[in-house]
Each structure stands twice: as structure tokens, then as C-alpha cells.
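Each chain, written out:
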Amino acid sequence: KASAEEALDEISKVIRNPEVSQIAQILLKALTDPATGTIKALESLIETEFLHAIDAPSLALIVPVLHRGLRDRAATTKRYGALIAGNMCTMIDDPRDFVPYLPILLPDLKVVLLDPIPDVRSISAKAFGSLTRGLGEATFPDLRPWLIETLMSEDGSSVERSGAAQGLTEVLMASGAGLVENVMHEEILPLRSHPKASTREGVLWVLTFLPSSLGQAFTPLIDSSLPALLGGLSDESEQVRDVAMRAGRVMIRSHGKAHVDKILPSLEEGLIDEDYRIRVASLTLLGDLLSLIGGTKVVKGDGDTQEDVRQAERAQAQIALALGSDTRKRVLSSLYMARSDTAAVVRQSAVQ
């Protein structure tokens with residue numbers, strides 16, 4: 001142990017980066033006493049404003065700390081480790097200097113990507129995106145296949161499929177819009193009718209993260225994504241239906257106003273679908289869309305105060321302006337008809 005500590009001390013003496021030199025003893029403490037020193041070292045790295053590029057001796061000290069942090073049980077430590085790992089490419093002169101350390105950190109980041117805690121998964125996903133952007137997708141030939149395999153895995157949990165979908169979203173975005181469309185059309189969306197419920201759920205998890213992350217760049221994918229969403233809403237698996245509803249709400253929230261002409265027709269068709277579950281889901285999503293267009297929230301209550309009445313009038317005016325008179329009348333007629341549906345749950349949703 002004494003020899004190892006002496007070797008680490010020698011490494012710290014050849015560090016050329018002044019910012020790392022200032023916290024070198026904290027980093028050494030994390031390496032010699034990881035149980036108590038890791039979190040402090042990670043906090044010091046995050047708080048340090050780097051004005052100079054990180055050199056090779058600095059990486060030799062920092063990477064083992066990240067390795068330990070990503071393997072820690074504490075969520076905060078894992079978050080910090082993933083955050084720093086993702087930013088490393090922006091902190092060194094030549095990102096390729098970081099490549100030799102990838103076999104150490106990538107397995108840890110993959111584990112963190114499947115963590116039960118949502119924001120831990122989110123930061124790890126962004127780290128994969130940042131590394132892909134900095135080093136190029138060719139540096140990670142096995143990453144995208146692993147993400148898709150995890151997305152489809154029958155052995156994994158819904159949480160793990162969610163993490164894989166979020167990681168895949170970040171990696172695709174970092175690789176360019178052209179690759180996003182190609183992968184979605186060639187590899188992801190064709191799986192929407194897969195016999196395994198876990199795989200169908202994985203497709204819908206991708207559609208939960210991609211619309212808001214891509215923004216307007218998702219527009220070309222709306223038409224091809226809607227059939228997967230509607231199919232998921234009537235799936236025999238409750239878990240698949242739940243994720244489909246979540247994905248539908250994300251799409252409406254992120255693209256409903258700008259692309260009502262693409263989304264509304266599918267919801268109208270859903271109102272007269274033979275499957276009552278699709279009718280219920282279409283009513284819910286249509287309510288979200290109309291609330292978004294009208295600038296109001298759906299509130300369950302008396303709703304008879306003067307302010308409520310004025311708000312409802314403003315919302316109706318906004319809806320009429322956005323949809324046009326004929327479309328507005330058609331939609332309201334469909335909602336009125338749904339109040340007489342043969343299924344009680346559909347009637348209840350229509351009234352609400």
C-alpha cells in the first residue's frame with residue numbers, strides 16, 4: 001500500500017494542469033481511502049472551473065475516482081461520476097486521449113443507465129450522448145446494439161428498458177438527425193408488432209423520450225410513430241398500454257400545437273375504434289390536445305365561477321381559431337357521441 005501511495009504521489013507531481021494540481025491531494029485521498037474520499041473528490045471536480053486542458057497525468061488520477069464513484073451505492077455519487085465522465089471530452093485537448101479509459105468507464109455507465117432512480121439514468125444517458133458527440137459513434141461500435149438489445153430484453157425490467165431508451169435517444173441525437181430517422185424506420189418502429197410485450201414496450205419507451213428531445217426535428221417521424229402509439233393503447237399488456245399513454249401525452253405536449261393537423265385525425269379515428277381501450281385513450285389524449293390548444297387545464301370541480309366561464313370562453317375561441325369552425329364542430333360532435341358509448345368507462349371519460 002505504501003508503495004502504491006508513493007507511486008500516486010509521483011504522478012501528482014508531474015501534473016501540468018493547474019486546476020487539477022490544486023485538488024491533487026483530494027484526488028489522492030479518494031484513491032487511498034475511497035469510502036470517505038470519493039464524494040469529496042467528485043464534488044471538488046464539479047466545483048472547479050477548468051481554464052486549462054486536462055493532461056494525461058490528470059486523467060490517470062481522475063478516471064479511477066470516476067470508476068469508484070460510478071460503482072458507489074449512493075445516488076448522488078453515481079450522478080456526479082456520470083456527469084463528469086460525460087463532460088471529459090470537452091475538458092481535454094484531444095478527446096482521443098480519453099479512449100484508453102473507455103473500457104474502464106463504459107461498463108460502469110451502462111450499469112448506471114439502468115439504475116432504479118430516474119435522474120441517475122438521465123445523467124448517464126446524457127453522458128453517453130456527450131461521449132458519442134465528442135468521440136464519434138464509430139468509437140462505440142457495440143453501444144447501439146447493446147442499447148437496442150436491452151430495449152428488447154424479456155429478462156429486463158421496465159425501468160431498464162426505460163434507461164436503454166433514454167440512452168439510445170441521446171446517442172442517436174448525438175449522431176445526427178439522419179441517423180435518427182434511419183434507425184427509427186429500419187430498426188425500432190418495425191418492432192411495434194413484435195410478439196414479445198417487452199419489445200413492444202421498448203419501442204414505446206423510445207417514443208416517450210424522442211419527441212421532446214428532438215424538438216421540431218421529430219416532425220418527419222410523427223406519421224410513422226402514431227400507428228405504434230395507437231397500437232400500444234390497445235395492447236393486451238397493461239404495462240405496454242401505460243407506456244403508450246405516457247408516450248402519447250409526451251407527443252401531444254411537445255408537438256400538439258404545431259402539428260395538430262397530423263395528430264388530430266388519428267385521435268378522431270380512435271374515438272370510433274372497435275376496441276374500447278383505444279376509445280378511452282383517444283378521449284384522454286384529445287382532452288390533453290384541446291387543453292393545450294385552448295391554454296387551459298382540465299379541472300374536475302364545479303367550474304361555474306365567473307372566472308371559470310371566462311376562461312372556458314377564451315379556450316373555445318382559441319380552439320376555434322386553431323382548428324377552424326368545421327373541424328371544431330366535428331370534434332365536439334364526436335365528443336358528444338362518445339357520451340352515449342356502449343362502454344361505461346368511455347362515457348365517463350367523455351363527460352370528464
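So, how was this worked out
- Residues numbered from 1 in each chain as written.
- Predicted model: local features only at pLDDT ≥ 70, side-chain atom pairs only at ≥ 80, totals over all residues.
- Heavy atoms only, no water.
- Helix = DSSP H or I, 4+ residues; strand = E, 2+ residues; numbered from the N terminus.
- Buried < 20%, exposed > 50% of the residue type's maximum accessible area, 1.4 Å probe, protein only.
- Contact = heavy atoms within 4.5 Å.
- Areas by Shrake-Rupley, 256 points an atom, 1.4 Å probe, with all protein chains shown as cover.
- Lys, Arg positive; Asp, Glu negative; His and termini not counted.
- Charge placed at Lys NZ, Arg CZ, Asp CG, Glu CD.
- Salt bridge = Lys/Arg side-chain N within 4 Å of Asp/Glu carboxyl O.
- Core = buried A, V, L, I, M, F, W, Y, C linked by side-chain atoms within 4.5 Å.
- Polar contact = N/O pair within 3.5 Å; in protein donor to acceptor, adjacent residues only side chain to side chain.
- Axes fitted to C-alpha atoms, helices over the stretch in contact; angles between N-to-C directions.
- Parallel < 35°, antiparallel > 145°, perpendicular 65-115°, else oblique.
- Left-handed = near helix turned anticlockwise from the far one by under 90°.
- Nonpolar A, V, L, I, M, F, W, Y, C, P; charged D, E, K, R; others polar.
- 1 Å grid on protein atoms, 1.4 Å probe; cavity = no way out; pocket = protein on both sides within 12 Å on 5 of 7 lines; lining within 4 Å.
- Points joined across faces, edges and corners; volume = space filled by probe spheres on them.
- Phe/Tyr/Trp six-rings, centres within 6.5 Å; stacked < 30°, edge-to-face > 60°.

Undergrad: Looking at this structure, how should I read the overall build of the chain?
TA: The secondary structure content of the chain amounts to 19 helices and zero strands. Seen through its principal axes, the chain has C-alpha atoms that stretch 80 × 50 × 35 Å. The 352 residues of the chain split such that 47% are buried. For the chain, long-range pairs separated by at least 24 residues make up 68% of all intrachain contacts whose partners lie at least 6 apart in sequence. Of the roughly 17400 Å² that the chain leaves accessible, carbon and sulfur atoms contribute 51%. Averaging the locations of the 37 positively and 47 negatively charged side chains of the chain gives two centres separated by 4 Å.

Undergrad: Explain the pattern of salt bridges to me, please; I cannot follow it from the model alone.
TA: Two side chains bearing opposite charge may form a pair once their charged atoms approach each other closely. As enumerated under the stated definition, the model contains 17 salt bridges in all. For K262, the salt bridge goes to D223, with nearest N and O atoms at 3.3 Å. One end of the pair, K262, is in helix α15 (residues 260-271); the other, D223, is in helix α13 (residues 222-233), and 39 residues separate them in sequence. Since its relative accessible area comes to 47%, D223 is described here as partly exposed. E268 serves as the salt-bridge partner of R330, at 2.8 Å between the closest nitrogen and oxygen.

Undergrad: Just checking my understanding: could you explain the nonpolar core for this structure?
TA: One broad rule of soluble globular proteins: the nonpolar side chains tend to lie buried together. Of all hydrophobic cores here, the largest spans 103 residues; its most connected members are L27, F98, L109, M184, I188 and L207. Among all residues touching L207, those that are not within four sequence positions of it are M184, L189, F218, S225, A228, L229 and A247.

Undergrad: Help me out: how do you make sense of the environment of D55 in this one?
TA: Of note, D55 is situated in the loop between α4 (34-47) and α5 (56-70). With 39 residues separating them in the primary sequence, D55 and D94 have C-alpha atoms 9.5 Å apart. A polar side-chain atom of D55 sits 2.7 Å from the main-chain amide nitrogen of R16.

Undergrad: Looking at this model, I keep getting lost on the packing of helix α9 (residues 143-152) against helix α11 (residues 177-188). Mind explaining?
TA: The angle between the axes and the distance between the axes are what describe a pair of packed helices. In contact at an axis separation of 13 Å, α9 and α11 are set at 45° when each is read in the N-to-C sense. When the interaxial angle is binned, α9 and α11 end up oblique. The element α9 and its partner α11 pack so that their crossing is right-handed. Along its contact with α9, which presents R144, I148 and L151, the element α11 presents L179, V183, E187 and I188. Here the contact of α9 with α11 is built from residues that sort into five nonpolar, no polar and two charged.

Undergrad: Which parts of the structure should I look at to understand the packing of helix α16 (residues 276-294) against helix α18 (residues 325-338)?
TA: Two numbers describe how α16 lies on α18: the axes approach to 12 Å, and their chain directions differ by 140°. For α16 against α18, the interelement crossing comes out left-handed. From α16, L283, L286 and L290 reach across to α18, where they touch V331, L335 and A338. Of the residues assigned to the contact of α16 with α18, the class counts are six nonpolar, no polar and no charged.

Undergrad: Even after reading the chapter, I still don't get the layout of surface pockets, so can you show me in this structure?
TA: Taking a probe equal in size to a water molecule and rolling it over the atoms shows the remaining empty space. Put simply, the second largest pocket is a space of about 210 Å³. Tallied by class, the residues present in the lining of the second largest pocket amount to six nonpolar, one polar and four charged.

Undergrad: Would you mind showing me how to read the packing of aromatic side chains here?
TA: Geometrically, a pair of aromatic rings is defined through the distance of the ring centres and the angle of the planes. Tallied over the full model, the rule gives two aromatic pairs. Considering the side-chain rings of F98 and Y101, the 6.4 Å spacing of their centres and the 35° angle between planes classify their relative orientation as tilted. For the ring pair W205 and F209, a centre distance of 6.1 Å and an interplane angle of 20° mean the geometry is stacked. One end of the pair is W205 and the other is F209, both in helix α12 (residues 197-214) and four residues apart, which spans about a single turn.

Undergrad: For this particular structure, what's the right way to read empty space enclosed by the protein?
TA: In this structure the tally under the stated criterion is two cavities of 30 Å³ or more. Quantified by volume, the largest cavity comes out at close to 80 Å³. Surrounding the largest cavity, L226, L229, L230, L233, G248, M251, I252, I263, S266, L267 and L285 form its lining. Elements supplying a minimum of two residues to the lining of the largest cavity: α13, α14 (238-255) and α15. The element that contributes the greatest number of residues to the lining of the largest cavity is α13, accounting for four residues.

Undergrad: Any chance you could explain α9 here in plain terms?
TA: When you tally the buried positions in α9, you get seven out of ten residues, the bulk of the element. Packing partners of the buried residues in α9 comprise α7 (102-113), α8 (118-135), α10 (158-175), α11 and α12.

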